[in-house]
Each structure stands twice: as C-alpha cells, then as structure tokens.
Amino acid sequence: MSNVSTSVRLAVATLGTPRIGPRRELKTALESFWAGKIDETALLATAAELRAANWARQKARGISVIPSNDFSLYDHVLDTSVMVGAIPEIYGWTGGSVPLATYFAMARGSEGEGEACAHGHVHHHHGVSAQEMTKWFDTNYHYMVPEFKKGQTFAVSSTKPIDEYKEAKALGYQTRPVLLGPVTFLKLGKSKDASLDALSLLDGLLPVYIEVLKRLAAEGAEWVQIDEPCLVLDLDDAARQALRHTYDVFAKAVPQIKIMLATYFGDLGDNRDTAVSLPVAGLHIDLVRGADQFAVVVAKAPKNLTLSLGVIDGRNIWRANLPTLLNKLEPVVTALGHERVQIAPSCSMLHVPIDLDAETALDTDVKEWLAFSLQKMDELSVLGRALAGQRDEVADRIAASKTAAAKRKESSKIHNRAVTERMSGITDQMRRRHSPFDVRAGVQHKQFGLPLFPTTTIGSFPQTADVRKARAAHAKGTLKDADYDQFLKEETARAVRWQEEIGLDVLVHGEFERNDMVQYFGEQLSGFAFTKHGWVQSYGSRYVRPPILFGDVSRPKPMTVDWWRYAQSLTKRPMKAMLTGPVTILNWSFVRDDIPRSEACRQIALAIRDEVVDLEKEGARMIQIDEAALREGLPLRRSQWQHYLDWAVEGFRLCSSGVADETQIHTHMCYSEFNDIIDAIGAMDADVISIETSRSKMELLDAFKTYHYPNEIGPGVYDIHSPRVPEVGEMKHLLVLARQRLSDAQLWINPDCGLKTRKWDEVRPALVNMVAAARELRAQA
C-alpha cells in the first residue's frame, strides 16, 4: 500500500476527447446542414450541446484537467488555419472573421456558381476545390493541409479558443484550452512555391498566438496546452531553434500563462534536450509509443517542470494493466512529488471510440479486455487516486484489471495452432511473381486489348439511402436473406449496365454488399471482433468502426468469389475483383498488442492470398488489392522506416504473388506523400497502381517520374472527397500534367478513390466527364 498522504491530490488530465457524440450527433448535424435541412444556428447549437456533454462526462469520471478547444466542426488543423487567417485567395476571404461558408469551402470545396458567389468567388463558375487532405502523422485521421505563400500575413481571424473556454467557464468548468503549436502548424503546411521555407513565416505568426494567449489569460485561463507533436519527428537544427525561439517569445510576452507543451505519437529521441529545456511550465510525453524515454526524461527534467505522463493508450482500445503501471509510476511520483506530476492518456482520445458500455453484443471475453474513451478516463482516475494514497479505495478496480490481463494472455480464443504452422511454412517463392513486369505486361495487354488511357473506377459506388436501409433491415432480420441478396443483385446489375453505357473500359461491381472496405473482410476472417457503436473520426463527417484484431487470423471460406462471378456474368468487359490488402486491414484495425504487427500482417496476407488464388481459379484476370493505408503505417522516425516497409511490402507480395502472369494485379493508395517511399512502391510489383493526385495537381507523380517507375499508374483525375463535379477540361488539364511525368502507355484514368460516400447525381456526371476526357486525349495522342 502506498504511504502517500490521502490529503494529496494528483492531477488527472485528458489531452482531447472524441468530438462526434455517442450517437454520431455531429455527423447528423453536419450532413443536415450541408443538405440545407438545418441552418447555421441549429448546427452551432448541436456543437455546443456536444461540448457541454463532453465536459460533464469528464468531470463525472474524475478528470481534473479538462480540455477546451479540442472540439472541431471538421478538423483542428483547419481550425488553426482559420484562427490565424491562413486562407488561400481562391476562397475569396478579404479579412475579418472567417465565415462558416468559407470554412467548409476549404474543407469540402464549393459546389457551384451559387455557393461560390456567396463566398465572393464570382470568377469561379464551377466552384472551388477543397484544400489538400492528408494523414495526421501515422494515424487514420486526416487533416486539411495549410497553404502558405511568400509574404504570408497572419491575423486573429477566429476567436474559437477563447469562445469555447468562456463557454466552458460559464457552465462551471475551469478548462485547459488546447492549441496546435505554431512550429508544428507551419511544418504541416505546404506552398506552391517550393523555395518557401515555412518556418521563415514564424515571426509573423507568433503575434497571433500571443494575442490569443493574452485573451485567454484575460478570461481567466491559468494553463494552456500547446501541442507540438513535431518534437517526435526527425528535426534539423533550424526546427529546434524555431521551437526555442517560439517558447522564449511566449515566456516573455505572456508570463501569466502556464504552458503544457504536449508531445505524442512517439519518443522525443534526439529532440529530448530541446524539449526539456524550453521555458514552459509542463511537458507531456507519450509513454505508450515512447516507453523507453521515461527514465531519461524524468532524470533530465528541470525541478520546476511539471511532467504529464501519457501512460494510458490514446490510440488503441486495450485495457491497461493497472498494477503494472502503478508499480512503474509510484516511485517516480514519490521522487518528483505530486505537484509535479499529471497522469494522462498518451495522446488525444480522438482516435478511440467513446463508450464500451454501449457494446452489448460483443463477446464477453473480448469486451473484458477493452477500454474506450470513457473507460480510459476511469483508468486514469483509478491511477490518480491510487497514486495519491487512496489505493485501498480502488483496490477492487486494480484487481479486476490484473484479472482481465491474465485471462487475455491465457485465452484459447487468441491462439490457433494451424495458423502458427502455416506461418512457419512461408517460403521466398511465395513472395515473388513468376515473371518480371515487362513479361507480364506483354501477356496482359494482348489478353485484354484495352485502348490507350483505359478508364476505370477504384471500386465502390454510392451507398444510397436505399442500400443502407436494406442493409439495416437485413441486420435486424426484417429483410430475409433471399430478398436482401436479390436487392443487392439488382443494384449490382444497374451499376454494371450504367458503366457499360457511359463507356468505362474496366468495370467494377460497386461493392453494395460491403459495409466497409475493412470490416467486410474482417467479419469473414477469424480473429476479429466488431462493435456496433465504436465509431472514430476519419475526417469531417466521415466516421469508421475499426475492427478489433484480437487473435490469430485465417480465412474459413471464400469471401468475394460469388459476387465477382455474378458481376462478370453480366458483361463481356473486364470486371475487377476487389479486395482490401493486409497492410490496410492491419492499419485500419485496432490491432492486438501481444505480438509484433509484422506477424499479424503476415497472418492476414496468407488469408488474402487464399482469396486471390480462388478468384483466379474462378476466372478473374484483374484483381485489385487495395493498400490505401500502406504509407500511413510508416514510422515517424526515418531510422525505423526500412524495417516497416520490408514487412509491409512482404505482406502485399505474399498475398498477390500466387497468380499466373496473365492475372493483372492492381492496387490503390490514397492521400499520401509517395516521394519518400517510392522504392517500396516499386518493390510491391503491382501491375497497376491507382493513387490520389487531383488535390496535389499531379505533384505526387513527380516521385514516379524521378524514380522511372516501370509499371502502370492511374492518377486520380478528380477529388471524390468533394461534392464538386469537375468539367472535362479540368480533368484533361490534370492528364496533360500527368503525361509530362509519365509515358502514355503507363497511364490509366480513374477517380482519386472509391465513390461510396458520394451521391449518384455527383458521380454520374463526373464519370461521364472522365470518360469524355479520356476519349479526347486518345484523339490527340
């Protein structure tokens, strides 16, 4: 038992919590607003209700350091761009407070002349594009990329951090406002001018932050959390100096504010000395992904520095082993003193679902091993009370944690001897195609006889209200299996006929039977569990329910063969079979933490390999294995890249190499910077890769040109994350840019990504225009 006085309190913090609401209230409100069903007042009222409920839940669970400004209508990086007035000219903003219409135009693009004119875009008769979107570090959350230019000026253009602090205070909550740090913000941005060093804009940006900090102090804020996750990246001396300069300026300009500098997603590594030397009141470190830094940071920390210890995993859903954590933390808390320690999650809990208690259908054993956002708050509270001398009062909770950890370790549901034996039988030949690409390409071109610039889509078509209604009715048992199957066949047949009518060269079946590109496969593989309400935000109003990979993986039976067979029977044109690759299934799941991720990936790869082989046996000669998330899993430190890329590429090759030369393997990758992993993409040896390129205006293809990528590529010619319908000329312009980087023989034409989230009245004209652009290009070639 701890000998610490029971009168001592230990601060327990959260760095941020899910925004979406327990029943996805934010999604409903946003999409109703975009559809014109509710007005701005109603949208903002829903947002305020969600914030109030979130603060109340945290207080009720014993959180003593509650954040504000961790909520966002779309994205916190976009919020920062708006706060500092980093609004590209195309959006027509001329100063002052940024309107919500401009905010959403930056996030989603504008749809047409009427909306564009409302923003002042009278010269853009067909709307404007959204800002570029990419992954938030190595998570599956997407942020809107800030855009900078030479001579960029900044000004306070949104008072959101102050407004939400005041809002919480009026409800009785003394919160710690959260800001994205200025150095990280600049490093996350980009410029069309390659010669611009974003950090050169720092001195112009800092006065905006100072003004915001002063306003927060004037309203009564004592602490402000400033997130600088760039501190876990490979930084040069200039970036480290920028951090020192920034916090020196803040310390002098706003001495009345205490700054909790938050780092997360990894180890500080060679930035450790910089971090502990900054003139801030507190430093948060991630002790889940950076466990090895614990002792060194504690030893190096100045005596006046409060340490926030991120010991509960903010990115995964496994229950913590509280006795193990307490044994590690108790001597540190005793040595440092309670006033210098805060207990926290490793990062914002934006990345985990809200409430495990809502999952009434989960396997009881699996559920006992899990903790969602609210349960993680309970774990933090237990740790805080135990470390403050109240261990006896929470002894039952600590014992239950120990029991759950032991049961999980010993459970027969986790381990499968047949999977272990198959893993030991993997050979090098299983990782290689029979012939090199140039040989395969000749065979495939002769077999398919496709025209120059063949057109296709990435795989999915709109999941309409009727599709979702039928799926829900089937799940509830009110729609019989046979009736649901017939409904799906009719949807598939309509999609195939329409593709033929508009002249697409390679067809897809539309994936109407699939709820999600990962969940659909996980539900048919062993070793996965699924939630009903375990939603997490991917971007904007796009939420996903990641599968829970808890045990060894195998494929009991074919998963997609019947649907491919049916779709191919409807047409004489090539029908792609559509699969999700092992790396993406892994990276878009909550993954078990009791074996290496590389081993879990190989298990999934063998299961997908079985599906590929069965599809080929059935007659499929084009098989797309999507690896949308391959780069997403790339470690943040370059020194760790090669190890990850080796096993990630191995996983793809293991699942794709069991076919003959005649079978064309496609893959799709989206919203990633490819330049730094182009060698690995080449090593995947897919016959055709389709990638997102429209928002970057084909800049991502520079990597393929420099590398002299030999295989075929489908650069996305329109942004499917925006409701805009681009004209033929716009797509042709992008294809002209693509032809400057790649040979005509390499080019396929397709959208950026799947079309599941779009509406048919957007998809139909967009794909018609895409086909027309391809035909015009062929005529000119």
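Residues numbered from 1 in each chain as written. Predicted model: local features only at pLDDT ≥ 70, side-chain atom pairs only at ≥ 80, totals over all residues. Heavy atoms only, no water.

As recorded by an unreviewed UniProt entry, the protein chain carries the name 5-methyltetrahydropteroyltriglutamate--homocysteine methyltransferase and is attributed to Afipia felis. The UniProt entry for the protein chain carries this comment under Pathway (unreviewed entry): "Amino-acid biosynthesis; L-methionine biosynthesis via de novo pathway; L-methionine from L-homocysteine (MetE route): step 1/1." If you open the UniProt record of the protein chain and go to Catalytic activity (unreviewed entry), you find "5-methyltetrahydropteroyltri-L-glutamate + L-homocysteine = tetrahydropteroyltri-L-glutamate + L-methionine". (UniProt positions renumbered as here; feature names shortened; annotations may be inferred.)

A. Representation of the overall build of the protein chain in the model. From N to C terminus, the protein chain includes 28 helices and 22 strands. The globule rule puts the C-alpha radius of gyration for 781 residues at 28 Å, and the 26 Å found for the protein chain is close to it. Dimensions of the protein chain along its principal axes, counting C-alpha atoms only, are 80 × 65 × 50 Å. Taking all 781 residues of the protein chain together, 62% fall into the buried category. The contacts of the protein chain with a sequence gap of at least 6 include a subset with a gap of at least 24, amounting to 78%. Of the accessible surface of the protein chain, which amounts to about 29,600 Å², a share of 50% is contributed by carbon and sulfur atoms. (Helix = DSSP H or I, 4+ residues; strand = E, 2+ residues; numbered from the N terminus. Rg over C-alpha atoms; globule rule 2.2 N^0.38 Å. Buried < 20%, exposed > 50% of the residue type's maximum accessible area, 1.4 Å probe, protein only. Contact = heavy atoms within 4.5 Å. Areas by Shrake-Rupley, 256 points an atom, 1.4 Å probe, with all protein chains shown as cover.)

B. The pattern of salt bridges, seen in detail. This model, assessed by the stated rule, comprises 49 salt bridges. Salt bridges linked by common partners bring R51, D79, K160, E164 and E167 together as one network. (Salt bridge = Lys/Arg side-chain N within 4 Å of Asp/Glu carboxyl O.)

C. Examining the UniProt feature "active site" (unreviewed entry) in the protein chain more closely. Here the UniProt feature "active site" (unreviewed entry) sits at H721. Within the secondary structure, H721 is located in the loop between β22 (712-715) and α27 (728-739). Residue classification places H721 among the buried residues on the basis of a relative accessible area of 10%.

D. Region of the structure containing the confidence of the model for the protein chain. For the protein chain, per-residue confidence averages 93 on the pLDDT scale, and 96% of positions sit at 70 or higher. In the predicted structure, residues 113-126 sits below a pLDDT of 50 and forms 25 contacts with residues beyond four places in sequence or in another chain. (pLDDT = per-residue confidence, 0-100.)

E. Region of the structure containing the sheet that holds strand β8 (residues 223-227). What the eight strands build is an open sheet, ordered β1-β12-β11-β10-β9-β8-β6-β2; its pairing is parallel. In this open sheet, the two edge strands, each paired with only one partner strand, are β1 (11-12) and β2 (66-68). In this sheet, strand β12 (residues 341-345) lies alongside strand β11 (residues 306-312) in parallel orientation, the contact comprising five bridges. Paired with S308 across the bridge in β12 is Q342. Each of β2 and β6 (175-180) is contacted by helix α6 (residues 160-170), which is oriented at about 165° to β6, the strand it contacts most. (Pairing = 2+ DSSP bridges. Axes fitted to C-alpha atoms, helices over the stretch in contact; angles between N-to-C directions.)

F. The domain arrangement of the protein chain, seen in detail. What the domain assignment lists for the protein chain is domain 1 (11-107 + 128-412) and domain 2 (455-464 + 503-512 + 557-779). Computed over C-alpha atoms, the centres of domain 1 and domain 2 are 33 Å apart. Contacts between the two partners involve 34 residues from domain 1, matched on the other side by 20 residues from domain 2. Taking both sides of the interface into account, the surface hidden between domain 1 and domain 2 amounts to around 2,100 Å²; carbon and sulfur atoms contribute 47%. In this structure, the connection of domain 1 to domain 2 is made through four salt bridges. Close ionic contact of D234 with R637 constitutes a salt bridge, the shortest N to O distance being 3.1 Å. In this structure, the connection of domain 1 to domain 2 is made through 12 residue pairs in polar contact (both at pLDDT 80 or more). When contributions to the side of domain 1 that touches domain 2 are tallied by element, the ones reaching two or more residues are β3 (133-135) and β4 (142-144). Here the side of domain 1 that touches domain 2 gets three residues from one element, more than from any other, and that element is β3. Tallied by class, the residues present in the side of domain 1 that touches domain 2 amount to 15 nonpolar, 10 polar and nine charged. (Domains from an automatic or database assignment. Buried area = accessible area lost by both parts, 1.4 Å probe. Polar contact = N/O pair within 3.5 Å; in protein donor to acceptor, adjacent residues only side chain to side chain. Nonpolar A, V, L, I, M, F, W, Y, C, P; charged D, E, K, R; others polar.)

G. A look at the nonpolar core. Ranked by size, the top nonpolar core spans 149 residues in total, and within it L73, W136, F185 and L283 carry the most contacts. At 10 residues, the largest contribution of residues to this core is made by helix α8 (residues 202-218). Leaving out residues up to four positions away in the same chain, L73 has contacts with L26, L30, L43, L44, A47, L100, Y103 and F104. In terms of nonpolar packing, the next biggest core, distinct from the first, is built from 109 residues, M430, L507, Y644 and L734 among them. (Core = buried A, V, L, I, M, F, W, Y, C linked by side-chain atoms within 4.5 Å.)

H. Here's a closer look at the side chain of T14. Summarising the element assignment, T14 is placed in the loop between β1 and α1 (25-34). With residues up to four places along the chain from it excluded, the contact list for T14 reads Q58, I63, V65, P67, R176, Q225, P345, M349, M377 and L380.

I. Representation of unusual backbone geometry. A positive phi angle, close to 65°, is found at N69, a residue other than glycine. Note on placement: N69 falls in the loop between β2 and α3 (76-84). One non-glycine residue, D685, lies in the positive phi region at around 60°. Inspection of the secondary structure puts D685 in the loop between α25 (678-684) and β21 (688-691).

J. Representation of α27 within the structure. With 12 residues, α27 extends 16 Å from end C-alpha to end C-alpha; this agrees with the ideal 16 Å at 1.5 Å per step. For α27, the elements touching its buried residues are β22 and α28 (760-780). (Expected span 1.5 Å × (residues − 1).)

K. Representation of the packing of aromatic side chains within the structure. In the structure shown here, the tally under the stated rule is 23 aromatic pairs. On the basis of an interplanar angle of 75° and a centroid distance of 5.3 Å, the ring pair of Y103 and F104 is categorised as edge-to-face. Between Y264 and F265, the ring centres sit 4.7 Å apart and the planes meet at 80°, which makes this aromatic pair edge-to-face. For Y264, a relative accessible area of 5% gives the class buried. Accessibility expressed as a relative area gives 4% for F265, which makes it buried. Every member of this aromatic cluster is reached through a ring pair, and the members are F33, W34, Y74, Y103 and F104. Of note, K27 hangs over the ring of Y543, and the distance from its end group to the ring centre comes to 5.7 Å. The residue whose ring lies beneath R408 is W318, and the NZ or CZ to ring-centre distance is 3.9 Å. (Phe/Tyr/Trp six-rings, centres within 6.5 Å; stacked < 30°, edge-to-face > 60°. Lys NZ or Arg CZ within 6 Å of the ring centre and 35° of its normal.)

L. Region of interest: the sheet that holds β22. Read across the sheet, five strands follow the order β17-β19-β20-β21-β22 without closing on themselves; strand pairing throughout is parallel. Two strands in the sheet have a free side with no partner beyond their single neighbour: β17 (577-580) and β22. Going from strand to strand, the sheet's axes swing by 20° on average, the running direction of each strand aside. Strand direction decides the pairing type here: β21 and β22, joined by four bridges, are parallel. What sits directly across from S690, in β22, is G714.

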